[in-house]
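Analysis of the macromolecular model
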Amino acid sequence: MASFGSPGKLSGLLLRMGQCFFAAASIGVMVSAHGFFNSSAFCYLIASMGLQVLWSFGLACLDLHALRSKRNLQNPVLVSLFVVGDWVTAILSLAAACSSAGVTVLYSRDLGYCRSPQIPCSRFQASILLAFISWFLLAISSHVTFWLLAAI
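Residues numbered from 1 in each chain as written. Predicted model: local features only at pLDDT ≥ 70, side-chain atom pairs only at ≥ 80, totals over all residues. Heavy atoms only, no water.

1. Considering the packing of aromatic side chains
In plain terms, the rule: Here is the rule: rings of Phe, Tyr and Trp (six-membered ring for Trp) pair when centre to centre is within 6.5 Å. Planes less than 30 degrees apart are stacked, more than 60 are edge-to-face, and the remainder are tilted. Under the scheme used here, helices are H or I runs from DSSP no shorter than 4 residues and strands are E runs no shorter than 2 residues, and both carry numbers assigned from the N terminus. In this scheme, a residue with accessible area under 20% of its type's maximum is buried, one over 50% is exposed, and one in between is partly exposed, where area comes from a 1.4 Å probe on protein chains only.
Summed over all chains, the structure comprises eight aromatic pairs. Ring centres 6.4 Å apart and planes at 50 degrees place the aromatic pair Y107 and F124 in the tilted group. Of this pair, Y107 sits in helix α3 (residues 76-110) while F124 sits in helix α4 (residues 121-151); the two residues are 17 residues apart in sequence, bridging distant segments of the chain. The pair formed by Y107 and F124 is uniform in burial state, with each residue classed as buried. The rings of F42, Y107, Y113 and F124 are connected pair by pair, giving a single aromatic cluster.

Here you go:
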């Protein structure tokens, strides 16, 4: 069964590369924001996106190897590993993005910190947006690998 986003397929490689890119961009934007370390939610976002980069990059390399050597990655043991890893990183990424979004809403609407030029709320928001995009791409991969495991 060759569905969109399956491990070892070009669409799977593109999904993994997108996840890796958006997670790395989220880290880069957040680290460039002055004072991000004052919120544990923002630090958690960086840690979670770091895990996302490592996971997605590793699976992108595996997909690339499978494409170049024309190997099938759809055996039950590998797909089980992909499912568990995807779901764990997806849950951590969503939790980090949501908690960071909550802190940003608190800063901007409730406390009025964003009126101050010292707090770069637009960078926080951009980083969180990139994290949600990365999570969305990971959610697609998680869904595909889950149903692929059920079909094997």
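2. Notes on the nonpolar core
What counts, and what does not: Residues enter a nonpolar core if they are buried and are Ala, Val, Leu, Ile, Met, Phe, Trp, Tyr or Cys, with the set joined through side-chain atoms within 4.5 Å. By definition in these notes, contact holds between two residues if any of their heavy atoms fall within 4.5 Å.
Formed by 20 residues in total, the largest nonpolar core has its most connected members in M30, F36, F42, L45, M49, Y107 and F124. Residue assignment for this core shows that the elements contributing at least two residues are α1 (10-31), α2 (40-69), α3 and α4. A per-element tally of this core places α2 first, with six residues. Aside from chain neighbours lying at most four places away, what touches F42 is M30, F36, S100, V103, T104, Y107, F124 and I128. Formed by five residues, the second largest nonpolar core is a distinct cluster that contains W55, L59, A66 and L73.

3. Section: α2
Here is the rule we go by: Any helix carries an expected span of 1.5 Å times its number of residues minus one.
Taking 1.5 Å per residue, 30 residues should reach 44 Å; α2 reaches 43 Å between its end C-alpha atoms and fits that length. Immediately downstream of α2, the backbone of K70 shows phi near 55 degrees, a positive value.

4. Remarks on a nonpolar patch on the surface
Quick reminder of the rule: Note that patches include only residues with greater than 30% relative accessible area and no salt bridge, and the join distances are 9 Å for like charges and 5 Å for nonpolar side chains (Val, Leu, Ile, Met, Phe, Trp, Tyr). Each accessible area is a Shrake-Rupley result for a 1.4 Å probe, and residues are judged covered by the shown protein chains and nothing else. Here a salt bridge means any side-chain nitrogen of Lys or Arg lying within 4 Å of a carboxyl oxygen belonging to Asp or Glu.
Where nonpolar side chains cluster on the molecular surface, the patch consists of Y44, L51, V84, V88 and L92 and spans about 390 Å² of accessible area. Taken together, the elements giving at least two residues each to the nonpolar patch come down to α2 and α3. If one sorts the elements of the nonpolar patch by residue count, α3 sits on top with three residues.

5. Things to note about the packing of α1 against α4
Worth spelling out the cut-off: Angular values range over 0 to 180 degrees, each being the angle between N-to-C directions of two axes fitted as lines to C-alpha atoms, with helices fitted over their stretch in contact. Orientation labels follow simple angle bins: below 35 degrees gives roughly parallel, above 145 gives roughly antiparallel, 65 to 115 gives roughly perpendicular, and whatever is left gives oblique. The handedness criterion is simple: a crossing whose near helix is rotated anticlockwise from the far helix by less than a right angle is left-handed, and one whose near helix is rotated clockwise is right-handed. We call Asp, Glu, Lys and Arg charged. Ala, Val, Leu, Ile, Met, Phe, Trp, Tyr, Cys and Pro are nonpolar, and the rest, Gly among them, are polar.
For the pair α1 and α4, the least separation of the axes is 8 Å and the interaxial angle reads 160 degrees. Put simply, α1 runs roughly antiparallel to α4. At the point where α1 passes α4, the crossing takes the left-handed sense. Among the residues forming the contact of α1 with α4, the class breakdown is 14 nonpolar, seven polar and two charged.

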